[in-house]
Every structure is written in structure tokens, then in C-alpha cells.
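Understanding the architecture of this molecule
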Amino acid sequence: MAKSGKSSALPQALGSGLAGAVVLNVVHETVRRIRRDDAPRMDLFGERGLRKLFDKAGVAAPNHKTLYYMTLAGDLLSNGLYYSFIGRGKNAWRRGALLGLAAGVGGVLLPGPMGLGKAPSNRTPQTKAMTVAWYLLGGLAAAGASRLWSKARK
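Note that the structure is a prediction, hence the values are computed from the model and not measured.

Glancing now at the overall build of the protein chain. Secondary structure assignment for the protein chain yields 6 helices and 0 strands. If one aligns the C-alpha atoms of the protein chain with their principal axes, the spans along those axes are about 50 × 35 × 25 Å. Across the 154 residues of the protein chain, 38% fall into the buried class. Of the roughly 8,800 Å² that the protein chain leaves accessible, carbon and sulfur atoms contribute 66%.

With that settled, consider the side chain of Asp-75. Along the polypeptide, Asp-75 turns up in helix H3 (residues 64-83). One buried charge, Asp-75, has no salt-bridge partner; the nearest side chain with opposite charge is Arg-32, at 8.9 Å. Residues within four places of Asp-75 in sequence aside, it is in contact with Asn-25 and Gly-80.

An α-helix turns once every 3.6 residues. As a result, residues three or four positions apart point the same way. Look at H3: 28 Å from first C-alpha to last across 20 residues, which is about the 28 Å you get at 1.5 Å a residue. Those residues of H3 that sit buried are Leu-67, Tyr-68, Thr-71, Asp-75, Asn-79, Gly-80 and Tyr-83. For H3, the side-chain oxygen to backbone nitrogen distance between the N-cap and Lys-65 is 3.1 Å, and the N-cap itself is Asn-63.

This part is about the environment of Leu-50. As for its placement among the helices and strands, Leu-50 is situated in helix H2 (residues 42-57). Leu-50 sits in the buried class, given a relative accessible area of 18%. Through-space distance from the C-alpha of Leu-50 to that of Tyr-69 is 11 Å; in sequence the pair is 19 residues apart. Not counting residues up to four positions away in its chain, the partners in contact with Leu-50 are Leu-67, Met-70 and Thr-71.

Leu-24, Val-31, Tyr-83, Ile-86, Trp-134 and Tyr-135 are the most contacted members of the largest nonpolar core, which totals 16 residues. At the level of secondary structure, the elements contributing two or more residues to this core comprise helix H1 (6-34), H2, helix H4 (92-109) and helix H6 (125-153).

A word on the side chain of Ser-8. Along the chain, the position of Ser-8 falls in helix H1. For Ser-8, the side chain forms a polar contact with the side chain of Arg-88, separated by 3.2 Å. What Ser-8 contacts, discounting residues up to four positions off in sequence, is Arg-88 and Arg-153.

Considering all chains together, one arrives at 2 aromatic pairs under this definition. Between Tyr-68 and Tyr-69, the ring centres sit 5.2 Å apart and the planes meet at 70°, which makes this aromatic pair edge-to-face. A relative accessible area of 14% places Tyr-68 in the buried class.

Glancing now at the confidence of the model for the protein chain. Put simply, the protein chain has an average pLDDT of 92, and 95% of its residues get 70 or more. Within the protein chain, helix H5 (residues 119-122) has the poorest average pLDDT of any element, 91, and H4 the best, 97.

Moving on, we come to the pattern of salt bridges. Tallied over the entire structure, the rule returns 4 salt bridges. Residue Arg-35 is joined to Asp-38 by a salt bridge in which the shortest nitrogen-to-oxygen separation is 2.5 Å. Look at Asp-38 and you get buried, because its relative accessible area is 10%. Each of Glu-29, Arg-32 and Arg-33 takes part in salt bridges that share partners, so that together they form one network.

Conventions we followed
- Residues numbered from 1 in each chain as written.
- Predicted model: local features only at pLDDT ≥ 70, side-chain atom pairs only at ≥ 80, totals over all residues.
- Heavy atoms only, no water.
- Helix = DSSP H or I, 4+ residues; strand = E, 2+ residues; numbered from the N terminus.
- Buried < 20%, exposed > 50% of the residue type's maximum accessible area, 1.4 Å probe, protein only.
- Areas by Shrake-Rupley, 256 points an atom, 1.4 Å probe, with all protein chains shown as cover.
- Lys, Arg positive; Asp, Glu negative; His and termini not counted.
- Salt bridge = Lys/Arg side-chain N within 4 Å of Asp/Glu carboxyl O.
- Contact = heavy atoms within 4.5 Å.
- Expected span 1.5 Å × (residues − 1).
- Polar contact = N/O pair within 3.5 Å; in protein donor to acceptor, adjacent residues only side chain to side chain.
- Core = buried A, V, L, I, M, F, W, Y, C linked by side-chain atoms within 4.5 Å.
- Phe/Tyr/Trp six-rings, centres within 6.5 Å; stacked < 30°, edge-to-face > 60°.
- pLDDT = per-residue confidence, 0-100.

Rendered as C-alpha cells:
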């Protein structure tokens, strides 16, 4: 097998991005069950966004459980694709940190202007800090997965 090649870059980027998304979602889901008062509830933003889409389409939204699972799947897909931009190479750690920080700051600042409310990521200073930290962690997990993938190929 070749040491490098463009044919392996896409699977590596997508796989590493998915790894970052899984870490992000596991942390979100775990901590929201432990710290009910101040944990970010990014799942609520996803559910609200899906409800808006169903409303615009003139279709009744599914029940809460189905909507939750649709949101979780959408989170894994969208965050996985986002984190796949970290790519591979020596600068993966820097790109992972920058993309993770950008996503976290966006998670705090953008939902309000998008009409999704503010409280799920903006409730307390701790909520804001956790939101940024978890997206940063997802970016670093994706970078770490990419670096491990590169080392395994050598």
C-alpha cells in the first residue's frame, strides 16, 4: 500500500470527522444527564430547527422521541462533515483547535439570530464555557483520529 495518496485522503477526513462528532455527541449526551441545570442542550436547537422545517413543508412533526433521534443523526452527520475539514497532516491539531473553537463560539452566538432561542447554549457562563469546550474537544478528537490514521498507514 502506498504511503500517501489522494485516494486515502477522503476516507481519512470523513472517518476522522465522524470520530470528532461521536466524541462531541457522547460528551453532550452524558453531561446533559448529569448537570441538568447548566449543561448545554444543543439537541434542543436541532429539534427546533427540524420543527421549523416540518412547519415550512406543511407536514406534522414526528413525536418527540423520533425528532430527538433525527436530531442526533443530523448532529453526527453535520458535525462529522464539518470536522472532516480538519483533514490530515502536521497542521491537523491546529485546524482541529481552530474549527472546534469556531463551532463552539458559533454555538453560543448564532442560535439567537437564527430564531432558535439562546438558553440551550447561553443559560449561564458555565453553559457557554461548556459549549465552546465541547466543540473544541470534538475538533481535537477529529485531529487526533486523523493523526492516528496517518501513523497507522506508515
